[in-house]
Structure formats: structure tokens, C-alpha cells
Amino acid sequence: MSHGHSHGGGGCRCAAEREEPPEQRGLAYGLYLRIDLERLQCLNESREGSGRGVFKPWEERSDRSKFVESDADEELLFNIPFTGNVKLKGIIIMGEDDDSHPSEMRLYKNIPQMSFDDTDREPDQTFSLNRDLTGELEYATKISRFSSVYHLSIHISKNFGADTTKVLYIGLRGEWTEFRRHEVTICNYEASANPADHKVHQVTPQTHFIS
């Protein structure tokens, strides 16, 4: 089945339509391995810590023992810190075949410790969601906006009419790179550099030993 339509500025398509063969598909959604799970937060989860369980291998997306359900109302807010910089390309949101399935997703980048009060601001991208019971429907992000993401917030703002929202799986597709730490080293070297030697090509991290 083709999904050629657009939702809130971003299109969606079946993961099965992607060019990767089935055995490679799980690798494509491997960004869950690059999440700092100890610092991940899910606000308004009914069971503490359950939000972390939906970030799991693509092959285990149908494991219904791991899910998150909202508590006071239908909203959920995931604060997802990465262990490096991410170029986010696509997201899968999988739920149940009822009105608890999310119907809208709003994405915010690089706002650590985001709260529900912060969701009043304009999101970086919004998606109207279809029911996805198999974890096959991908929503493509605007890569130009999500090319350097160290923290992602996913706001599930509404569902299809139930009192609470239930999410079984969230898949993240993209590229990961390590945080660059050499800037600090260069800065320290610059602080002790001789102004007479201040040339761009000489600004390299190095250690001086004094005998």
C-alpha cells in the first residue's frame, strides 16, 4: 500500500517500501542504541520508567509487554537525549487498534528538560498520524531542521478520542556522530599561544613537555 500523502509538512510511507531488504530494516531504525536511556524522560506516563521501554529494536516492536500509557490525560512528552549528534530522517509511532492510538506528534529539537508548559512554542515539525498497528509507517522529517540534534522532544498532543494514549513502539531512523571534543582542546591551546605565532594552520591540539 502506498502512502504518497503528506501530514503537517511531512510525508509518511511504509517502512516496507524502503529500499533496504528486510534483514537490513532493523539496522535502519537503530538510533535507539544512541539514546542516553538513564536520562530519558517521559512526562505523564502512568507507570514510572515505562516510556523507556518503547525505544526497542525494530524486530521487537510487536512485544506488547513493553508500552507506555498516559496518566492524567491523553498527552505524553518524551525528552530524548542522544549520546552524540543525530541527523534525524524518520520516525515510526506504533499503537493499538483503538482510540488510544496517537493522532498528532509534535517534534522539538535541542530543548533539554522540556515541560508541557514549553509545548506552547512553535514545534520544529508537526505530524498528523494514522493508526499504525505493525510499525511499518514512517514519517519523514525535514532533514534540514534535524541535521544536528543532541536532544529530541516528542510531544504526543492528542489521540483519536480515548481518555489516555498508549504507545507500543517509537522507531528513530537517521545518522549518529560522536560529539566533537577537540574544540575545547583548541581553546585551551589558544589561551597559551604566542600571539606572534597566531596563524590558523598552527592551531592544532598538542602537548608541550618541559625538560
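Whatever comes next refers back to the structure up there.
Residues numbered from 1 in each chain as written. Predicted model: local features only at pLDDT ≥ 70, side-chain atom pairs only at ≥ 80, totals over all residues. Heavy atoms only, no water.

Chemist: Which parts of the structure should I look at to understand the overall build of the protein chain?
Modeler: Within the protein chain one finds two helices and eleven strands. Each helix and strand of the protein chain, placed in order from N terminus to C terminus, yields the pattern β-β-α-β-β-β-β-β-β-β-β-β-α. By the burial criterion, 44% of the 211 residues in the protein chain qualify as buried. Across the protein chain, every contact between residues at least 6 apart in sequence was considered, and the portion connecting residues at least 24 apart equals 78%. For the protein chain, the accessible area works out to roughly 11200 Å², and carbon and sulfur atoms hold 47% of it. (Helix = DSSP H or I, 4+ residues; strand = E, 2+ residues; numbered from the N terminus. Buried < 20%, exposed > 50% of the residue type's maximum accessible area, 1.4 Å probe, protein only. Contact = heavy atoms within 4.5 Å. Areas by Shrake-Rupley, 256 points an atom, 1.4 Å probe, with all protein chains shown as cover.)

Chemist: Explain the pairing of strand β5 (residues 76–94) to me, please; I cannot follow it from the model alone.
Modeler: Sheet faces and side chains relate simply in a regular strand, where the side chains alternate between the two faces. In terms of burial, β5 is a largely internal element, 15 of the 19 residues being buried. Here three bridges tie strand β3 (residues 41–43) to β5, and the two strands are oriented antiparallel to one another. Across the sheet, Gln-41 pairs through a bridge with Asn-79, a residue of β5. In terms of strand pairing, β5 meets strand β9 (residues 149–159) through seven bridges, oriented antiparallel. Paired with Leu-76 across the bridge in β9 is Ile-156. (Pairing = 2+ DSSP bridges.)

Treat this as a map of the structure, not an account of what it does.
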